[in-house]
Every structure is written in structure tokens, then in C-alpha cells.
Amino acid sequence: MSASPHRRPTGRRRLALVGAATLVAAGLGAVPLVVKADAVAPADLAHGVLPARDGWAASGSGTTGGQAAAAARVFTVSTRAELAKALAAGPADAPRIVRVKGLIDANTDDSGKPQSCADYAAGTGYSLDSYLKAYDPAVWGRAKVPSGAQEDARRAAQARQAARMVFTVPARTTVIGVPGTGAGITGGSLVVKNADNVIIRNLSLTDVRDCFPQWDPTDGSTGNWNSAYDAVSLRGATHVWVDHNSFSDAPHPDSANPVRFGREYQVHDGALDITNASDLVTVGYNTFSNHDKTMLIGSSDKDTRLRVTLHHNVFRGIVQRAPLARVGQIQLYDNYYDTTASEGYAHSYSVNSRAGAQVVAQNNYWKLSSDRKTSQLLSGDGTGAIAGSGNLVGGAPVDLVAAHNDANPGKKIKTTVGWKPTLTAGLEPAAGLPAKLAVKAGAGVLTETGGKAPAPSGPAGGRTLTVAADGSAAHRSVQAAVDAATAGDTVLVARGTYRETVNVPASKHGLTLKGATGNAEDVVITYDNASGTPKPGGGTYGTAGSATATFSANDITVTGVTVENTWERSAHPDVRDTQAVAVNASGDRQKYLDSRFIGHQDTVLNWAPSATGQYRQYFRHCFIAGDVDFVFGNATAVYDHVNITLRDRGAAAGGLGGYLAAPNTDAAKPYGILITDSTISSPAQPGSYYLGRPWHPGASAVGQLVIRNTSLPAAVKTEGPWTDMGGFSWKSARFAEYANTGPGAGTGANRPQLGPDQAAAHTARAYLAGTDGWNPTG
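Residues numbered from 1 in each chain as written. Predicted model: local features only at pLDDT ≥ 70, side-chain atom pairs only at ≥ 80, totals over all residues. Heavy atoms only, no water.

## Description of the state of the cysteines
Stated formally: Two cysteine sulfur atoms form a disulfide, by the criterion used here, when they sit within 2.5 Å. Only DSSP runs of H or I with at least four residues qualify as helices, and only runs of E with at least two residues qualify as strands; both kinds are numbered from the N terminus onward. Residue exposure (1.4 Å probe, protein chains only): buried if accessible area is under 20% of the type maximum, exposed if over 50%, otherwise partly exposed.
Counted under the stated rule, the structure contains one disulfide. Disulfide pairing is shown between Cys117 and Cys211; the S-S distance is 2.0 Å. Handedness of the Cys117-Cys211 disulfide follows from its S-S torsion of about -75°: it is left-handed. Placement of the pair is Cys117 in helix α3 (residues 117-121) and Cys211 in the loop between β10 (204-206) and β11 (214-216), with a sequence separation of 94 residues. Here Cys211 falls in the buried class, since its relative accessible area comes to 16%.

Written out as C-alpha cells, the structure is:
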């Protein structure tokens, strides 16, 4: 990296750097809890109300939520503690609006410190090992549910978690995500209990994980693990509008759950459950993805009321209950169902009508995976009914009930209902739903004026574009598929070697580039440009331009592929500028998972097009190889559980192995590059490699790099693994280690170490949270 990959301004003054840990030590980090009240114009999104005739919630008095809230009752919250305080602020019956800004982690204490399952269990006497021993079916049997000391301890630990992550939403309340901030709640449950007139809008609701699921050997023929929390739970609630939210288990899919007692250790419950005589509910323009038991309408077969409308929702990668209807008058229109399995969530059925439920299904669209049949879309016990028309499967009209009944003569679904829908605002033919709902459903698509943006800030598409070098797929090259893709699509690449350069521009936000086999070694994207390689039209490529793959879009995911730059110095002795990038990562909220990135000099560029802007990139379970400055740049990047190889340059380098990292983080940014919980290996001779040096193209660049909890090889210089660059002293940069191990680990004057308090501020979550609370770490 002899030159900046992009032209950057240089500053004229040196900034004094004060870390977060320093502020806390100085007494400046303790900020009192304040829930801000905002004066908001009545015309803004937060004061919006459910339109007329928009489903059952528009019936009678309609649904207005906190629309009438006084200025002092409009709260903006960004932490768990602020959210809890805003929802509890008295008087209880006065309208309120709670604006969620950024992503709130519900599993935190009042100071914002993350709370783990172990924290909740501490002092209760609960341990999973003890619980498993006590209720092993071989010991406990299968005739009764657990009771006794360990079950009591489990309940106590579960209650401690519930006290942190369950939020009760009172009547006459609007809870709404602030557009453009990545608004949402992770690990939290919103409960509307015996309350009327509530609106929940524009939130990403993810990973509501129960640390302490209960084993019930009497649940089914083989028993089940049952968890306690839904992302949104309506219990005895009336006049509720749930609009433009996204629900998923991410980033902890069910495939990550272990098996105990022969059954999945299920830590997720419902996404949105509507039970205990809830009534007059409209659920519209939401996205439900990668979840098992998605939506239960009715707590038992004897529940009552339950008049619910679902319209213009997307159900993708859903196993079942979309919805399961017990009793009630359930209206389904213009919903889009994609039964393609995702993240291991294999489709079972979409809609279940039982216990006398009367469902009217109009103009819904199903996309079938290759292993599913139309007869498998519905389910029932023989007592429920489903009527309706205009439903399409793969674009063709079908009689869903007839298909089910032909295949299930013993559990036929009835076809007549005793009511007729009249509240059907926006009812439209099903044919246009796949294209329309790819844009409009889910969180993040509302604007402050209440309209809908042309595309969300994150993944929104749904198409899969296939690539195979042998011509057996729709596209022969990766770039051809990228060119054909729109925001939110998936480019699925078959086994093979693809000699090409790939460019994903900023307009393709939310794109996923995925190797079809799941093994990165099977799917290889390769090229061999260097910075000094002549371009066909004159000049040379430059460092950034040498990249085999350039990812400029926000919210992209790259998984299961190899990207390599095979340019060799020895083959091009005439080329002076030898930087040869494999991956140019230059967007925000980018994820690189289970992939391989291989080169020599400058393998991975972590780049912030605006030096002080927010650009975050997360690498997990990846392999990275290089020899000179091969993890470098000015973005915020986390390398988590990766394997890094320091390549041996041999005698040609005069005994100098090379340099791992070269950050040029802007001085205004607290976080640059973090390598954590990883393994670094090398065939190079002992004591020949530097961990890093500070790239200093301008006065505002003061590199920041922490390597922690990582195994270091003998190739690392134990006495002094940091070195100067271009006349800029490494001691003026922000380099540190913490709790590293292996033959290359060490301490001393030339190996700055973080203290425990400082280490708590240098975690993957801290680096990546930014202004929107992004947390891809799981």
C-alpha cells in the first residue's frame, strides 16, 4: 500500500485521541438515564393512524394508537432502559408515542452492559447440566412435566431474563421505528396485554431467544423443548395495528440449536401470537422470515373473539403457522408465501384452520419450492373452514382447499364460512405481489411523511439468480448475474472456477453472493491484476482497482466462496506497484461468512469512501492469506473466529516475513480493525513477521488495531511485533493486544496490552454497533 486506494484529503492538525475506557476512568462515561420527549408535528409518521377499511382493526372506533399524545409524551429511545422507562411513564392511560432510534439490545442491564444466559442464571442454582441430569427421560420418565429443585431454578432464571427483555405496551400507544436508523429490538418481546388501541410499526424484531426452555416429555409422542417468548404477543388486546415490521430468528437460526433428549433444543417461540380473546387486529406489510412457529391465532380451541386481518405480508422460509387459526374470523388477502427453505427452515404448511375457525383467503400468492405440492399449503383438523378465491400458486389459479382435501380425505377443510369481509382496503389481484411486496413489506421502508420509499435500506428482494460456468444455469458469469440482480436478490454460484472480476455497486444493497455447495473451496472467483498492471485504455489499475471483487453496496452478505488474486511479484519484475487486492470491501453493514480470501500484498481492503463515515464490515469463520499489509484500510472491520495465514515470502524477502495489517483509521473514529478469537498460523521462519504497521497517507490517519484472544504463531516477532511505516511511528498509532496465546504471544514495553476494562470496550459488538446498533455477531 504505497498509495491510497482512493484520493483522500489530508488534515493539518493532529487530533488528541481519548478512548472510551479513558472517559469512563475519568468519570465522564457515566451518563444519567434520560428518556427524551420530542415535539413532533402532527403530520409526521409517528402520529399516523390506521386508514379506514384497513382490516379488522379499522372496525368501530378504529386504531389510532398514541396519535393524540402531547409533545411531552413523545419519547425517543435508543437503549433498553429508555424503552422500558418510556413504556412505563405515567399516567398509564394517557396516549404516548415511543420512537425507537437504532437497534436496541433487550438483553442488557440499565447501564447498557450485555447480559448473558449465565448472568441470568447466576445465584438461582440452575445449570443446564444439572437440569439435563434431573429430567433425562431415562431417569425422570415421560409421564409428567418436570418439577422439583432444578425446574424451580430454571423458572427463577427465566424470570430474571423476562424482567430484562419483556416490555409491556400499554393502551393508546404507538411504538415506531425511526426511519433510516436501522430501528428495531433484538432479543426483546413486546407484550400487549388487556390493552386497547395500540400501533407497532417499522421495527426489525429479531432473535427473541429464551435462555431457559422447558423440557416437556408429555408434549407429543417424543416430548419437546418449549420456549417462552414471542417477538410480539397480543393477549386480550383489541384494536391493534402491526405494520411494516420484519420478524426473524437472525442471527441465531434454529439450525444452531443443539439436540437434547432426541429433540431440538428450541429457544424461539412465536413471531407474532394473537391469543386470549384478542380482537380487531390488522397485520399488514410485514416480513416474516426464517422462523418455525410463526403466528398463532387463539390460545386454545376454546378461545373467543379473534377477528384478525393479514394482508400484504411476506412469509419466506417459514416452517408453519402463517397463521394457525383457532376459532375466530380470519381474513387473509394479498399475502406472499415463498415456501423455499432458508437457513434450514423446511416448509411444513402455511395456513391451518381448526376448531371452527372461519378463514377467508383472497388473492394470495404462493411460490413453491421444488419439493412441495399445492396440497401441502393448508392444514387442519377437519373442523375449520377456508373460503375465498383469486389465490395463485406459481402464477396459476388454484383451489387450495380442493387440493388439500383430495390428499387428506380424513381431515377435510370446510369451504363455507358464516361471514363476509368488507374491510378490504388495498385488495388487488395476486399476480403482481411477488414484485410489489419485495419492496414494500418489512421494516425500514416508511418515510417520515408516512409514504413508502422505493426500496428498503437492507435486504428486500427475493429472487435467486443462478450461475454456472458450464452453462447449466441462467448465467455463466458471476458479474452477469450481479448485473441482472436488484437490491435484495441472491446470486447463487455453482461449483466451479470463475476467472473474472466482480463489481457489486452501491445500488445493489442487500445482495447476497452465495456459493451453492456451502464449501468455499468449491466456488472460486479468481483474477490477477495488480496496482501497477497496465489498463487497456491507458494508465494502471491502482490499489483499489486491482481487486478481483469489489463490494460497494450496503447490507450485502458474501458466503461460501473463495475470492483470490493470484498476481505474483516474481512473474512481473517490471511492475513496481505490487499491491494486488482480492476483496475491496467498501460498504456498510457488510457480512463475509464461511469464505476464503487469498492473495499476497493487500489481500483484503476494508475501505470507508468517506474517511469519517460509518462503514462496517464483519468477517466470521473465514480464511485470509497474504504476506504484506494484507488486512488494511480505514473502515471499521471485525475478524471474528477467522483463520489467518502469514504466507512465507522466503529468501526473496531477505528474511523478513512480512506484515499482517496496515490500518489507516481516521483519528475521529474510535474503532478501526479488530481481530478476535482467531487463529493465526505461518510457515515462515520464527520471528520474521510483524503484526502491523500504521498506514499514514495523511495527518488525519491514525491507525487503530486490536488483536485479542487469538493464537499467534512463532513467526511473529515476540519482542516487537509492531513497526513504523513511511516515517510515522507505530507508537503514535492505536495498536494493542489482549489475552493472546501461542508461541508468538508476549508482553513488554513494545507490546501494548489492554486492561480488562479497556478490553470490555473492544469487542465485536462495540466495533460494529455504530449509530444504528448493528449486531451481526449472534
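Now, onward.
## A closer look at the pattern of salt bridges
Basically, it comes down to this: We define a salt bridge as a contact between a side-chain nitrogen of Lys or Arg and a carboxyl oxygen of Asp or Glu at a distance within 4 Å.
Applying the stated criterion across every chain yields a total of 27 salt bridges. Asp110 is the partner of Arg164 in a salt bridge, and the nearest nitrogen-oxygen pair spans 3.0 Å. Note that Arg164 is positioned in helix α6 (residues 149-165) and Asp110 in the loop between β4 (103-105) and α3, a separation of 54 residues in sequence. Residue Arg164 is classed as buried on the basis of its relative accessible area of 18%. Taking the shortest distance from any N to any O, the salt bridge between Lys367 and Asp338 comes out at 4.0 Å. Here Lys367, found in strand β29 (residues 365-367), pairs with Asp338, found in strand β26 (residues 336-338); they are 29 residues apart in sequence, far enough to count as distant. What makes Asp338 buried here is its relative accessible area of 5%. Linked by salt bridges that have partners in common, Asp555, Asp588, Arg589, Arg616 and Asp772 make up one network.

## Some thoughts on the packing of aromatic side chains
Selection rule: Pairing of aromatic side chains here covers Phe, Tyr and the six-membered ring of Trp, requires ring centres within 6.5 Å, and sorts the geometry by plane angle: under 30 degrees stacked, over 60 edge-to-face, intermediate tilted. Think of it as a cone above the ring: NZ of Lys or CZ of Arg counts as a charge over the ring if it is within 6 Å of the ring centre and within 35 degrees of the ring normal.
One pass over the structure, following the stated rule, counts 25 aromatic pairs. An angle of 40° between the planes, with centres 5.5 Å apart, marks the rings of Trp56 and Trp419 as tilted. Of this pair, Trp56 sits in the loop between β1 (36-37) and β2 (74-77) while Trp419 sits in the loop between α7 (400-407) and α8 (433-440), and the two are 363 residues apart along the sequence. Over the ring of Trp140 we find Lys144; its NZ or CZ atom is 4.5 Å from the centre of that ring. The ring of Trp56 has Arg307 lying over it, and the distance from NZ or CZ to the ring centre is 5.3 Å.

## Description of α7
Short version of the rule: Read the arc as the range of directions from the helix axis to the C-beta atoms. Contacts between residues were defined by any pair of non-hydrogen atoms, one from each residue, lying within 4.5 Å.
Looking only at α7, the buried set comprises Leu400, Val401, His404 and Asn405. Burial along α7 is one-sided: seen end-on, the buried residues are contained in an arc of 120°. In this structure, the buried residues of α7 make contact with β29, β30 (378-380), β31 (385-387) and β32 (392-393).

## A short note on helix α4 (residues 128-135)
Burial in α4 covers these residues: Tyr131, Leu132 and Tyr135. Summarising the axial view, the buried residues of α4 lie within an arc of 95°, below the 170-degree limit, and thus occupy one face. Facing away from the buried surface of α4 by more than 90 degrees, the exposed residues are Asp129 and Lys133. As for α4, its buried residues are in contact with α5 (137-140), α6, β11, β12 (224-226) and β16 (259-260).

## Side note on the sheet that holds β4
Within a sheet, adjacent strands bond to each other through the backbone by hydrogen bonds, running parallel or antiparallel. To be explicit about the condition: Following DSSP output, two strands are said to pair if at least two bridges run between them.
On the basis of which strands lie adjacent, the open sheet formed by ten strands has the order β4-β7-β10-β15-β20-β23-β26-β29-β32-β33 and mixed pairing. Two strands bound the open sheet, and with one partner strand each, they are β4 and β33 (396-397). Judged from the three bridges that link them, β26 and β29 form a sheet pairing that is parallel. Residue pairing across strands places Asp338 opposite Lys367, the latter belonging to β29.

## A closer look at the packing of α4 against α6
To be explicit about the condition: Only C-alpha atoms enter the line fits that serve as axes; for helices the fit covers just the stretch in contact. Angles between N-to-C directions range over 0 to 180 degrees. Any angle that is under 35 degrees is reported as roughly parallel, and any over 145 degrees as roughly antiparallel; angles of 65 to 115 degrees are reported as roughly perpendicular and all others as oblique. Crossings are assigned a handedness: left-handed for a near helix turned anticlockwise from the far helix by less than a right angle, right-handed for a clockwise turn.
One can describe the packing of α4 onto α6 by two numbers: an axis separation of 9 Å at closest approach and a directional angle of 140°. As judged from the angle between their axes, α4 and α6 are oblique. In terms of crossing hand, the pair formed by α4 and α6 is left-handed. Seen from α4, the contacting residues are Ser130, Tyr131, Ala134 and Tyr135; seen from α6, they are Ala149, Gln150, Glu151 and Arg154.

## Some points on the nonpolar core
This is how it is decided: By convention a nonpolar core is built from buried Ala, Val, Leu, Ile, Met, Phe, Trp, Tyr and Cys residues, the set being connected through side-chain atoms within 4.5 Å.
Leu190, Leu234, Phe247, Leu272, Ile274, Val283 and Phe288 are the most contacted members of the largest nonpolar core, which totals 63 residues. No other element matches the three residues that helix α2 (residues 80-88) contributes to this core. Setting aside residues up to four positions removed in sequence, Leu272 forms contacts with Val232, Leu234, Val242, Phe247, Val283, Phe288, Thr294, Met295 and Leu296.

## What about unusual backbone geometry?
In this structure, Pro91 follows Gly90 across a cis peptide bond, with omega equal to -5°. Considering the arrangement of structural elements, one finds Pro91 in the loop between α2 and β3 (96-100). A cis amide bond links Ala250 with the next residue in sequence, Pro251, at an omega value of 0°. Mapped onto the secondary structure, Pro251 falls in the loop between β15 (246-248) and β16. A positive phi is found at Asp677, a non-glycine position, where the angle reads about 50°. With respect to the helices and strands, Asp677 occurs in the loop between β53 (673-676) and β54 (679-681).

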